[in-house]
Amino acid sequence: MVSLGSAAKIIHRANTGENNINFAGREESNPLENREGLFSDQFLSFEELVSPKSDAVKQSSKKIRDDIAELTQNRKWEDIISLYHPVEEKMPDLVKAGQEGFIRQKIAFAMGQLKRFDDAIKELLTCVKTDPDNFYVRTSLAYTAYDSLYCAKNREIFLAGEEKAKRIELAHTHFRKAQEIRPDGVTNFYRQGMLFSQIENKANNGLPLFQKACHNWETLDDEEKSRRHQEKKNYIKSLYRLGSLLLQNGDSTGALERVNACLAQDEKTNYVSLPFKYFALGKVQFNLGDYEKARDALLFANQSGSKQKYDFIVELLARTYLALGKNDKALNIIETIPERMRRPYFRWTEADAFCALQKFDRAEQVLKQSMERDGRSKHKSLIRLVKIAYLQRDFKGAMEYAAEASAFFQEKWNNPYSEGLFWQALAAFRLGNTRESERLARELEQNCRFYPKLDRLLAMIEKEKN
């Protein structure tokens, strides 16, 4: 029999954690103190095995998952955050059991929907630390960083300088890791391609990623395509982007193949809207010199949108009409866009249409109006004014416009402007100032040796000197 004094000592030691007591009164070692050498990972720990709370934690986790699924379906992002964030305070048992990762991901998604990107990224970085090879965590983190950059591009949030550079690198790092985990995927290659081409303006870096996204989808068998049907959307978008980049790189034939594939694959779904797809088709056919097919595609693009007219479609359609010799139609289609909405490149085509109709005064007026609002590409309007003046034998005016274009470009970009130098040299020659013409032509030769028709101008200068 255990005396009252002994019992008091046993109870005291039990309460102070000195050792464990079995029902027979024998002292036992704490099993939690003898777990050295036991394996533990994110799937099972010794504490979870022996904890009487384990089943309760699992039941709690399932209920939370169900609740979050319902809240997500109803887009109640604020509710998800207020109920479950921070998880350390709201769900300490789940955190202790290491089962809060899924909840953190959903909280991060809700934060992203509310454009709380810094908070979302913080949650996902915590998930990466505990589960570094989890594909869904990596792709979620990459996408959240990527989405924040798109919002910054659209001026929905502010992100610039060093912070923007860090965010770009964060997105790249986790896109690459997600691609490493699932090298046969589509979405992460597409999104990283967009990061390069649309956020960083590094189109050539995006090209192989769009190619990889397309290749990965096209090599799947029918069963895999059916199982991973949600990735088809980004395959179609990759086709569209790939066609555009191939065209930029001078591969019009390859671009046409990809754009046609996009049209065929997207016929019933319209993941890429009709105006954009048929604009892409028209642009490729324009570059191939098939102007009638380009016109038909662009007319369809222009008519298939909403009431809103896309100025880039109208502008290319106008240029197509000019290429077909339909100058009046070119001007008519241009006038469907209100003057206040005509961007500089649009006004250049408008001026070309007036020139085609030999309405040079109107063309000059359009270009001068464009320059008043153009702080970036004013030199291009000035070169058009140079050519209008030159054709009318106003060589002095041509030289003045060319000098202004060169000065603007030098100030804006801190580089010599080859086109401005050429037209100054040519105008000087026509004005009989051979010495100045040669000086300008030699300067151009040093900066751009193979500028078109430079050799011809230099030959004319040499002949005049002799």
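Computed from a predicted structure; not experimentally measured. (Residues numbered from 1 in each chain as written. Predicted model: local features only at pLDDT ≥ 70, side-chain atom pairs only at ≥ 80, totals over all residues. Heavy atoms only, no water.)

### Re the packing of helix α10 (residues 161-181) against helix α11 (residues 187-199)
Helix-helix packing: each pair is described by the crossing angle between the helix axes and the interaxial distance. Put simply, the test is: Angles run from 0 to 180 degrees between N-to-C directions of axes, and those axes are lines fitted to C-alpha atoms, restricted for helices to the stretch in contact. Elements are defined by DSSP. Helices are runs of H or I of four residues or more, strands are runs of E of two residues or more, and each kind is numbered from the N terminus. Between 65 and 115 degrees an angle is taken as roughly perpendicular, under 35 as roughly parallel, over 145 as roughly antiparallel, and anywhere else as oblique. For a crossing to be left-handed, the near helix must be turned anticlockwise from the far one by less than a right angle; the clockwise case is right-handed. Contact criterion: two residues are considered in contact whenever any of their non-hydrogen atoms come within 4.5 Å of each other. Amino acids outside the nonpolar list (Ala, Val, Leu, Ile, Met, Phe, Trp, Tyr, Cys, Pro) and the charged list (Asp, Glu, Lys, Arg) are all regarded as polar, and Gly is one of them.
At a minimum axis separation of 9 Å, α10 and α11 run at an interaxial angle of 155°. Taken together, the axes of α10 and α11 are roughly antiparallel relative to one another. The crossing of α10 and α11 is left-handed. Each of Lys 164, Ile 168, Ala 171, His 172, Phe 175, Arg 176, Ala 178 and Gln 179 in α10 lies in contact with α11, whose residues at this interface are Asn 188, Phe 189, Arg 191, Gln 192, Leu 195, Phe 196 and Ile 199. Here the contact of α10 with α11 is built from residues that sort into eight nonpolar, four polar and three charged.

### Quick notes on α10
Heads up, the rule is: Helix span, expected: 1.5 Å multiplied by one less than the number of residues in the helix.
Helix length check: α10, at 21 residues, gives a terminal C-alpha distance of 31 Å against a target of 30 Å (1.5 Å per residue), a fit within 8%. On the buried face of α10, the contacting elements are α8 (117-130), α9 (135-153), α11 and α12 (203-218).

### Description of the nonpolar core
Just so we agree on the cut-off: Take the buried residues of types Ala, Val, Leu, Ile, Met, Phe, Trp, Tyr and Cys, join any two whose side-chain atoms come within 4.5 Å, and each joined set is a nonpolar core. Each residue's exposure class comes from its accessible area (1.4 Å probe, protein chains only) as a fraction of the maximum for that residue type: buried when under 20%, exposed when over 50%, partly exposed otherwise.
Formed by 64 residues in total, the largest nonpolar core has its most connected members in Tyr 84 and Ile 103. Contact partners of Tyr 84, with chain neighbours within four places excluded, come to Ile 64, Asp 67, Ile 68, Leu 71, Lys 90, Met 91, Ile 103 and Ile 107.

### As for the pattern of salt bridges
Charged atoms that come close allow side chains of opposite charge to pair. Basically, it comes down to this: Criterion for a salt bridge: a side-chain nitrogen of Lys or Arg within 4 Å of a carboxyl oxygen of Asp or Glu.
All told, the structure shown has 36 salt bridges when counted by the stated rule. Residue Glu 156 pairs with Lys 115 through a salt bridge whose shortest N-O separation is 3.3 Å. Placement of the pair is Glu 156 in the loop between α9 and α10 and Lys 115 in the loop between α7 (101-113) and α8, with a sequence separation of 41 residues. Of the residues examined, Lys 115 reaches a relative accessible area of 35% and is grouped as partly exposed. Linking Glu 419 and Lys 387 is a salt bridge whose minimum nitrogen-to-oxygen distance equals 3.8 Å. Of this pair, Glu 419 sits in helix α24 (residues 418-430) while Lys 387 sits in helix α22 (residues 378-391), placing them 32 residues apart in sequence. Linked by salt bridges that have partners in common, Glu 438, Arg 442, Glu 445, Arg 449, Asp 455, Glu 462 and Lys 465 make up one network.

### Topic: the side chain of Asn 302
Tracing the sequence through the fold places Asn 302 in helix α17 (residues 291-304). Ignoring any residue separated from it by four or fewer positions in sequence, one finds Asn 302 in contact with Lys 309, Ile 313, Val 314 and Ile 333.

### Looking at the packing of aromatic side chains
Quick reminder of the rule: Note on aromatic contacts: the rings of Phe and Tyr and the six-membered ring of Trp form a pair at centre separations within 6.5 Å, being stacked when their planes are under 30 degrees apart, edge-to-face when over 60 apart, and tilted otherwise.
Across all of its chains, the model carries 19 aromatic pairs by this definition. Look at Tyr 390 and Trp 423: their rings are 5.4 Å apart centre to centre, the planes differ by 75°, and that puts the pair in the edge-to-face class. Taken together, the positions of Tyr 390 in helix α22 and Trp 423 in helix α24 put the pair 33 residues apart, joining distant regions of the chain. The burial state of Tyr 390 is the same as that of Trp 423; both residues are buried. Seen in terms of ring centroids, Phe 422 and Trp 423 are 5.6 Å apart; in terms of plane orientation they differ by 85°. Their pairing is edge-to-face.

Read these as layout, nothing more, since geometry by itself doesn't imply function.
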